[in-house]
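Chain by chain, the residues run as shown.
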Amino acid sequence: MEAAARAEKSVQIEDSWYEILKDEFEKPYFHYLKQFLVKERQAGYVIYPPGSRIFAAFDYTPFWDVKCVIVGQDPYHGPRQANGLCFSVSDGQKKPPSLVNIFKELHNDVGCPIPYSGNLEPWAHNGVLLLNTILTVRAGQPKSHHGHGWEEFTAAAIQKLSDMHEHLVFILWGREAQMKEELIDASKHLVLKSHHPSPYSADKGFFGNQHFSRTNHWLQDNGIDPIDWNLV
């Protein structure tokens, strides 16, 4: 039965997320999105991240394992940068400026040493859903896949998390992420907001936001194991 169920999946995504979001995959916007991505590749555009990594955030952090959601914008658009987890790059890749600033705040907030690698997979395995609001991008063209359906899909995921979980932490850095706040029930979840960690805005309120320690205080106050933020 399980093998048959897997064979029937219309989208290759982690099983618990598939069950939660399967109605989305049948909606007109998602059919349009799939056709759009096919046309982009047929037109010769390079798309990031690779197809097998588009749903990596969901694959690494099953629905019922989520403790904290960090919401990003769209994937990195440089070669070999995007790995399907917001703000993360794979081992061996130079850390982008926003990630450098995230690690500075992490160190100043909870004392974690600044890691050599920018790969955030350990956070994802520890219950942190690293979710971009747009899951694909053309190489070299930021926000090029804006307005083609991903925003509706990721909004549905955030809505399901808010509705079906208790005591999550939602971390919203920057204007694009904060547009998702209306989807979150703040009466039972903690919503943390600040400026984006980009060098253009980090000094305006990202540095010193203490979101890492505040996340763990909330989780522990609600009887949930804290996040191990240490990547070293």
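Please refer to the structure placed before this passage.
Residues numbered from 1 in each chain as written. Predicted model: local features only at pLDDT ≥ 70, side-chain atom pairs only at ≥ 80, totals over all residues. Heavy atoms only, no water.

Participant: Help me understand unusual backbone geometry, please; the structure alone is not making it clear to me.
Facilitator: Most peptide bonds adopt trans geometry, and most residues besides glycine take a negative phi value. A cis amide bond links Tyr48 with the next residue in sequence, Pro49, at an omega value of -10°. Along the polypeptide, Pro49 turns up in the loop between strand E1 (47-48) and helix H4 (56-60). Phi at Phe87 takes a positive value of approximately 70°, unusual for a residue other than glycine. You can see Phe87 is positioned in the loop between strand E2 (68-72) and helix H5 (97-110). On the accessibility criterion, Phe87 (9% relative accessible area) is buried. Even without being glycine, Lys143 reaches a positive phi, approximately 60°. Its location among the elements puts Lys143 in the loop between strand E4 (137-138) and helix H7 (150-164). (Helix = DSSP H or I, 4+ residues; strand = E, 2+ residues; numbered from the N terminus. Buried < 20%, exposed > 50% of the residue type's maximum accessible area, 1.4 Å probe, protein only.)

Participant: When you look at the pairing of strand E6 (residues 190-194) in this model, what are you seeing that I'm missing?
Facilitator: Across a regular strand the side chains alternate sides, sitting on one face of the sheet and then on the other. The buried fraction of E6 is high, at four of five residues. Both strand E5 (residues 169-173) and E6 contribute to a ladder of five bridges, which runs parallel. Opposite Ile171, over in E6, you have Leu192 as the bridge partner. (Pairing = 2+ DSSP bridges.)

Participant: I'm lost on empty space enclosed by the protein in this one. Help?
Facilitator: Vacant regions in the atomic arrangement are exposed by a probe of water-molecule size rolled over the atoms. Within this structure, the stated rule accounts for one cavity of 30 Å³ or more. Of the volumes computed, that of the largest cavity is approximately 40 Å³. (1 Å grid on protein atoms, 1.4 Å probe; cavity = no way out; pocket = protein on both sides within 12 Å on 5 of 7 lines; lining within 4 Å. Points joined across faces, edges and corners; volume = space filled by probe spheres on them.)

Participant: Looking at this structure, how should I read the environment of Ser10?
Facilitator: Here Ser10 is to be found in the loop between helix H1 (2-8) and helix H2 (15-21). Between the C-alpha atom of Ser10 and that of Glu26, which follows or precedes it by 16 residues, the distance is 8.8 Å. Excluding anything up to four places from it in sequence, Ser10 contacts Tyr18, Phe25, Glu26 and Lys34. (Contact = heavy atoms within 4.5 Å.)

Participant: I keep staring at the environment of Leu21 and nothing clicks. Help me out?
Facilitator: Mapped onto the elements, Leu21 comes out in helix H2. Along the sequence, Leu21 and Ser117 sit 96 residues apart, while their C-alpha atoms lie 32 Å from each other. For Leu21, the residues in contact, after removing those within four places along its chain, are Phe58, Phe153, Ala156, Ala157 and Lys160.

Participant: What's the story with the packing of H5 against helix H9 (residues 211-221) in this structure? I'm lost.
Facilitator: The geometry of a pair of packed helices is captured by two quantities: the angle between their axes and the separation between those axes. Where H5 contacts H9, the axes come no closer than 8 Å and their chain directions differ by 55°. As judged from the angle between their axes, H5 and H9 are oblique. Of the residues in H9, those in contact with Ile102, Glu105, Leu106, Asp109 and Val110 of H5 are His211, Phe212 and Ser213. Counted by class, the contact of H5 with H9 contains four nonpolar, two polar and two charged residues. (Axes fitted to C-alpha atoms, helices over the stretch in contact; angles between N-to-C directions. Parallel < 35°, antiparallel > 145°, perpendicular 65-115°, else oblique. Nonpolar A, V, L, I, M, F, W, Y, C, P; charged D, E, K, R; others polar.)

Participant: How should the pattern of salt bridges be read in this particular structure?
Facilitator: Opposite charge on two side chains makes pairing possible when the charged atoms of those side chains draw close. Counted according to the given criterion, the structure contains eight salt bridges. Ionic pairing is found between Glu19 and Lys22, a salt bridge with its closest N-O pair at 3.0 Å. Looking at Lys22, the relative accessible area reads 36%, which means it is partly exposed. Lys188 serves as the salt-bridge partner of Glu166, at 3.8 Å between the closest nitrogen and oxygen. Within this pair, whereas Glu166 is found in the loop between H7 and E5, its partner Lys188 is found in the loop between helix H8 (175-178) and E6, the two being separated by 22 residues in sequence. On the basis of relative accessibility, which here comes to 48%, the residue Glu166 falls in the partly exposed class. On the basis of relative accessibility, which here comes to 15%, the residue Lys188 falls in the buried class. Linked by salt bridges that have partners in common, Lys143, Arg175 and Glu176 make up one network. (Salt bridge = Lys/Arg side-chain N within 4 Å of Asp/Glu carboxyl O.)

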